[in-house]
Amino acid sequence: MCVRLLQNGAGGQAIIAVLTMACLGSARLCARLGHISARRKTPAAVVDPLVRAAFFKTQACSSSSNSSASATAAPLVAPSASSIAQSYTAKRALGTMHTQHPGSLPREDHAPVDPYRLLEDDLKEIYAGMRQELTINTNQKLLQTISTYYFDGQGKAFRPMLAILMARAVNCHLDVHNGKLLPSQRSVAMIAEMIHTASLVHDDVIDQADMRRGKPSAPALWDHKKVTIAGDFILSVASQMIARLRNPDVTQVLSMVLTDLVQGEFMQLGSKETENERFAHYLTKTYRKTASLTANSLKAVVMLGGADESIADVAFQYGRNVGLAFQLVDDLIDFISSTETLGKPAMNDLKAGLATAPVLFACEKYPELNPMIMRRFEEPGDPERAFELVHKSNGLEQTRFLARKYNMEATRLANSLAESPFQKALVTAADMIINRMK
């Protein structure tokens, strides 16, 4: 089924309304976002001019930078112009968090906790477990080699790291399972990384990428058809692991990741003519292609730990915010880091025909970017000219500002959990995303 989804680009419900609300970063709209479940049915939102203004005017965003959002779920509806205007001009009081309450824990030591050092043993087990799952599910030696090629422990392990941190933090918050990681929670961390890696394999085939993580990409070493099949194989093994969880609700949540991922990949192949539609398209694509995996995998691990809906919402919202921040920083890095630093070609997005946040922000000052976007930077000199105009505009600063907004909300959500080393590491992880250079 997963293979078919990736091949056919099967769709799910539209979530433009969700991303439109998320982009504003205001307390009211974040509160109304609530959690996205697999049964949601949200109509596509018409992008109000005020939404565009909120993105393209940094000062407008600044007016709500100290707002805090309630994690209480609410119906998903497209915001009206009046509600957007009101949310951007009014101060918001701190919302009440309705959660399961553990015994109160003091917050005396605010020293940052290194999540990778904290989870060093867990992450080693994750990589060993993923390689084992892929190896035992086929006796085709070449398929084993290709499918395990990216599971060498050299990646950031961002998704499994967050999943394990959230699972352990919530287990401590609820004072259950002795704060330990359940085998099922570990499986979800593996599943998340396998889905992500399968998407990288397919991306590298589509983009004809030569490098990945500082070494030759899989398509650079093996036949493209075999590499594509290896990506499908990784997804199929991840699907088997989802089935073994034997939890229908969690299965539904993780299946939504695959639907979102395929739609995000498909959306990346197109563009929109008007600037308003283009930014909504970009944000929706970013949620589906990147943030949905983080948000739903974090929601899944806490559901497996016995958390109620309100705690599941906290996990989901944290994952959504760090996922969006991660992609915005990724878009930023493509304009400011060298090929050696990135481990993949610089200006890769422009050369692939993609208009990311820095370019979309730069359009406000340099409208000549619009026709370049529509022709996907295909004419000679387009990528270089677009790169130059982005650096001459405020596009990089505005992208960084928006990423920080998502980071601030993720930090607020992490601080709503009872203090533990894992909760503190969630705060550190959100900061690491903003400050990373590759």
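Per chain, residues are indexed from 1 in the order of the written sequence. Given that the model is predicted, a residue must reach a pLDDT of at least 70 before its local features are reported, and side-chain atom pairs must reach 80 or more before they are shown or counted; all residues, however, enter totals for whole chains, interfaces and linings. Excluded from the side-chain calculations are hydrogens and water; all other atoms, namely the structure's heavy atoms, are used.

1. Notes on the overall build of the protein
Part 1: In this description a helix means any DSSP run of H or I spanning at least four residues, a strand means any run of E spanning at least two, and both kinds are numbered starting from the N terminus. Scanning the protein from N- to C-terminus turns up 23 helices and two strands.
Part 2: In this scheme, a residue with accessible area under 20% of its type's maximum is buried, one over 50% is exposed, and one in between is partly exposed, where area comes from a 1.4 Å probe on protein chains only. The buried share of the protein, taken over its 438 residues, is 58%.
Part 3: Within the protein, residue pairs in contact and separated by at least 24 positions form 81% of the contacts whose partners lie at least 6 positions apart.
Part 4: Note on areas: Shrake-Rupley with a 1.4 Å probe; residue coverage comes only from the protein chains shown. Surface exposure of the protein reaches about 18100 Å², of which carbon and sulfur atoms provide 53%. Any pair of residues with heavy atoms lying within 4.5 Å of one another is described as a contacting pair.

2. A word on unusual backbone geometry
Glycine aside, residues mostly have negative phi angles, and peptide bonds mostly take the trans form.
Part 1: Located in the positive-phi region is aspartate 175, a residue other than glycine, with phi close to 55°.
Part 2: Summarising the element assignment, aspartate 175 is placed in the loop between helix H10 (158–174) and helix H11 (183–207).
Part 3: Even without glycine at this site, arginine 246 takes up a positive phi of about 55°.
Part 4: Structurally, arginine 246 is set in the loop between helix H13 (224–244) and helix H14 (248–268).

3. Examining H11
Part 1: A helix is expected to span 1.5 Å multiplied by its residue count minus one. Look at H11: 36 Å from first C-alpha to last across 25 residues, which is about the 36 Å you get at 1.5 Å a residue.
Part 2: Most of H11 sits out of view: 19 of its 25 residues are buried.
Part 3: In the stretch just after H11, glutamine 208 is the one whose phi turns positive, near 55°.

4. What about helix H21 (residues 382–392)?
Part 1: Looking only at H21, the buried set comprises Asp382, Pro383, Ala386, Leu389 and Val390. The arc that holds the buried residues of H21, viewed along the axis, is 130°, so those residues lie on one side.
Part 2: Buried residues in H21 make contact with helix H16 (309–336), helix H18 (348–351), helix H19 (357–362), helix H20 (369–374) and helix H22 (395–414). Comment: arc refers to directions from the helix axis out to C-beta atoms.

5. Observations concerning the pattern of salt bridges
Part 1: By convention in these notes, a salt bridge is any Lys or Arg side-chain nitrogen within 4 Å of a carboxyl oxygen on Asp or Glu. As enumerated under the stated definition, the model contains 15 salt bridges in all.
Part 2: Bridged by salt links that share partners, the residues Asp122, Glu125, Arg168 and Arg186 form one connected network.

6. What about the packing of H16 against helix H23 (residues 421–435)?
Helix-helix packing: each pair is described by the crossing angle between the helix axes and the interaxial distance.
Part 1: Two elements in contact, H16 and H23, have axes whose closest approach is 8 Å; the angle formed by their N-to-C orientations is 20°. Here H16 lies roughly parallel to H23, going by the angle between them. Of H23, the residues touching H16 (which contributes Tyr318, Val322, Ala325, Phe326 and Val329) are Leu426, Ala429, Ala430, Ile433 and Ile434. Fitted lines through C-alpha atoms serve as axes, helices being fitted only where they are in contact, and the angles separating the N-to-C directions of these axes extend from 0 to 180 degrees. With respect to orientation, any angle under 35 degrees is reported as roughly parallel, any angle over 145 as roughly antiparallel, any angle of 65 to 115 as roughly perpendicular, and every other angle as oblique.

7. Focus on the nonpolar core
Part 1: The nonpolar core is taken to be a set of buried Ala, Val, Leu, Ile, Met, Phe, Trp, Tyr and Cys residues, with the residues joined through side-chain atoms within 4.5 Å. Of all hydrophobic cores here, the largest spans 114 residues; its most connected members are Met166, Met194, Ile195, Tyr318, Val359 and Leu369.
Part 2: Considering each element in turn, this core owes the most residues, 15 residues, to H16.
Part 3: Each residue touching tyrosine 318, except ones within four places of it in the same chain, is listed here: Leu162, Met166, Leu298, Ala410, Leu413, Ala414, Leu426, Ala429 and Ala430.

8. Points about the environment of methionine 347
Part 1: Tracing the sequence through the fold places methionine 347 in the loop between helix H17 (339–342) and H18.
Part 2: In sequence terms methionine 347 and aspartate 334 are 13 residues apart; their C-alpha atoms lie 5.5 Å from each other.

9. Quick notes on the packing of aromatic side chains
Part 1: Only Phe, Tyr and Trp rings are paired, with Trp represented by its six-membered ring, and only when their centres lie within 6.5 Å; those with planes under 30 degrees apart are stacked, over 60 edge-to-face, the remainder tilted. If you walk through the whole model with that rule in mind, you get six aromatic pairs.
Part 2: Taking 5.8 Å as the distance between ring centres and 85° as the angle between the ring planes, the aromatic pair formed by phenylalanine 279 and tyrosine 282 counts as edge-to-face. Of this pair, phenylalanine 279 and tyrosine 282 both sit in helix H15 (residues 275–304), three residues apart, roughly one helical turn.
Part 3: With relative accessibility at 5%, the residue phenylalanine 279 sits in the buried group.
Part 4: Looking at tyrosine 282, the relative accessible area reads 3%, which means it is buried.
Part 5: Taken together, Tyr149, Tyr150 and Trp222 form an aromatic cluster joined through their ring pairs.
Part 6: Definition used: whenever NZ (Lys) or CZ (Arg) falls within 6 Å of the ring centre and also within 35 degrees of the ring normal, the charge is taken to sit over that ring. One residue, lysine 215, lies across the ring of tyrosine 149, its end atom 3.9 Å from the ring centre.

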